[in-house]
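# Summary of structural features
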Amino acid sequence: MINDIQLDPAAPLQQQLYRQLSQRIIGRRYLPGSQLPSSRQLAADLGVSRNTVNAVYDQLKAEGFLLSLAGKGVFINKDIRSTLNQPDQLPSHSQSTTAPLPPLPIVPKHSLRLGEDANLPFQPGLPDLDAFPIRSWNRILHHQESRRLLRGYDCIQGYQPLRRAITEYIRTSRGVRCEEHQVIVTNGAQQALSLIGDVLLQEGDRVFFENPGYRGARYALSRYGNPLLPVPLKGQVLDVGVLADMGPAKLLFCTPTHQYPMGGILDIAQRMALVEWAQRNQTWIIEDDYDSEFHFHNKPFAAIQGLFDKTPVLYVGSFSKTLLPGLRVGYLVVPEPMVEAFLWAKRISGGETPLLAQATIAEFIESGQFSRHLRRMRQLYRDKWLYFQKRVSEELTGLVTPVAESAGMHLVLKGNFDDVNLSQQLRALGFGSTPLSAHFIGDTQQTGLVMGFASASEREIEAGVSALKSLLQSD
Ligand SMILES: Cc1ncc(COP(=O)(O)O)c(C=O)c1O
């Protein structure tokens, strides 16, 4: 009966024989009730040992595919018929193995670039991975990794010493007003943004969004189909003046201390006006404080969360720029009465943040190495920022217009070109960037390239600028 099985002698025989027999039974190529050859016979036919066939038969019997009838032999279990389709409704063999899947999810148009190298020089948001103090980090990591406490479960809200260290850091360095119990450690800022959507958004709730703006936040806050209303920029910052005429909103997303991607900084009068509008309008402000450590001339501007005693602000931060994106650790600060709701949402959507990473960051901060690292990176990124601007003005004047604020890890180069195509061409040459047009909701209003200089060495800055020049001139 069995003449359609072929085994590859180079691969595990038992596994192959098991898979082929079970697939033929499921596909009804071998029908319920029919007899299989004895193990001796099948072993001889296939040129394998009898032990191999016996082991496979035993496994198939244990799973209910086969039955041994004393004195008669091995049969395909008749009862399988009731769980498989009846013959008259039966798809053919080929159909049953290629039967259509249930409806597949709709993938958003600008979904992730699967398989693309996300760590190319000029990739926006990427810190200098080589400048990271990996030896000191590893010493702390080794110290933490032997601790038994970190091998089990801890708490959804985050490892307590890390929450304490974050609280101290954002209070002193970012002016955030909070207590430790308001801080929730998240899996990157991205999880914080998506938890805000989970906890606060109900059907039809309107979300105001600075335009252009950060796509990660846009995707998180629009994923339940809530209307996303663009708020234009004025002088590279959110135009606070237009909000009064825009009506109600549940949430407003913004990057007030360094607008992403255009780089502007809301001054104190605008920040106060924004908070007052939110209080009047009963809107929660999401303050994404993603890279405000890196201001090159002034001290970083304080977060709007800390402007007044009780601001309607959900404060989001991340270690992706200040340490490494690969750690996937961020944080969220919410008013005390909301903490429980966020913890419930976090419990459901993934639970705890990896403890070893949390404990290592906590010790890195407590030992003073975090502030040392930030000081060094501020200097390093300032030098790269100056060098990148110098190269741009020497090589690309007339081809692009840089939008330069004295902050951050990226520069926008505006220009009248097909930015999606140009970004792809640069990528093919080994340089990251994102098209400015992709940061707009609705119609593209401006084209250009968002280029992260923090991840590029001087030599890469030179090569990247020359590559861009050739591409722009060949257009
Ligand atoms: C505006 C903005 N917010 C937040 C983040 C950080 O996200 P995460 O902590 O999920 O890496 C980024 C990263 O590029 C960003 O550009």
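See the structure printed just above.
Our subject in this report is the structure included herewith.

### Considering the overall build of the protein chain
A tally of helices and strands in the protein chain yields 16 helices and 15 strands. Once the C-alpha set of the protein chain is aligned to its principal axes, its extents read approximately 90 × 60 × 50 Å. Burial analysis of the protein chain (475 residues in total) assigns 50% to the buried set. Contacts in the protein chain between residues at least 24 apart in sequence constitute 72% of all its contacts with a sequence separation of at least 6.

### Structural notes on the environment of glutamine 144
You can see glutamine 144 is positioned in helix α6 (residues 134–145). In this structure, the C-alpha to C-alpha distance between glutamine 144 and threonine 360, residues 216 residues apart in sequence, is 6.4 Å. When sequence neighbours within four positions are dropped, the list of residues in contact with glutamine 144 reads Leu150, Leu356, Ala359, Thr360 and Glu363.

### Some points on the pairing of strand β2 (residues 66–69)
Pairing geometry for β2 and strand β3 (residues 73–76), over 4 bridges, is antiparallel. Looking across to β3, one finds that leucine 66 is bridged to isoleucine 76. Here β2 folds back onto β3 in antiparallel fashion, the turn holding 3 residues, of which glycine 71 has a positive phi close to 75°.

### Section: the site of the ligand
Within the structure, the ligand sits among Gly188, Ala189, Gln190, Tyr214, Tyr260, Asp288, Tyr290, Ser318, Ser320, Lys321 and Arg328. Contacts to the ligand include alanine 189, whose backbone N or O atom sits 2.7 Å from an oxygen atom. In this structure, a nitrogen atom belonging to the ligand sits 2.5 Å away from a side-chain N or O atom of aspartate 288. A total of 400 Å² of accessible area belongs to the ligand in isolation, and the protein chains cover 91% of it. Elements represented by at least two residues in the shell around the ligand include exactly α8 (188–200) and α11 (319–322). Class assignment for the residues of the shell around the ligand results in 4 nonpolar, 4 polar and 3 charged.

### Here we look at helix α12 (residues 339–348)
An α-helix turns once every 3.6 residues. As a result, residues three or four positions apart point the same way. Among the residues of α12, those classed as buried are Val339, Phe342, Leu343, Ala345 and Lys346. What you see down the axis of α12 is that its buried residues fit within an arc of 160°, all on one side. Among the exposed residues of α12, those oriented more than 90 degrees off its buried face are Glu340, Trp344 and Ile348. Buried residues belonging to α12 abut β4 (183–186), α8 and β11 (330–333). Directly beyond the C-terminal end of α12, a positive phi value near 145° is found at glycine 350.

The rules behind the values
- Residues numbered from 1 in each chain as written.
- Predicted model: local features only at pLDDT ≥ 70, side-chain atom pairs only at ≥ 80, totals over all residues.
- Heavy atoms only, no water.
- Helix = DSSP H or I, 4+ residues; strand = E, 2+ residues; numbered from the N terminus.
- Buried < 20%, exposed > 50% of the residue type's maximum accessible area, 1.4 Å probe, protein only.
- Contact = heavy atoms within 4.5 Å.
- Pairing = 2+ DSSP bridges.
- Near = heavy atom within 4 Å.
- Polar contact = N/O pair within 3.5 Å; in protein donor to acceptor, adjacent residues only side chain to side chain.
- Areas by Shrake-Rupley, 256 points an atom, 1.4 Å probe, with all protein chains shown as cover.
- Nonpolar A, V, L, I, M, F, W, Y, C, P; charged D, E, K, R; others polar.
- Arc of directions from axis to C-beta.

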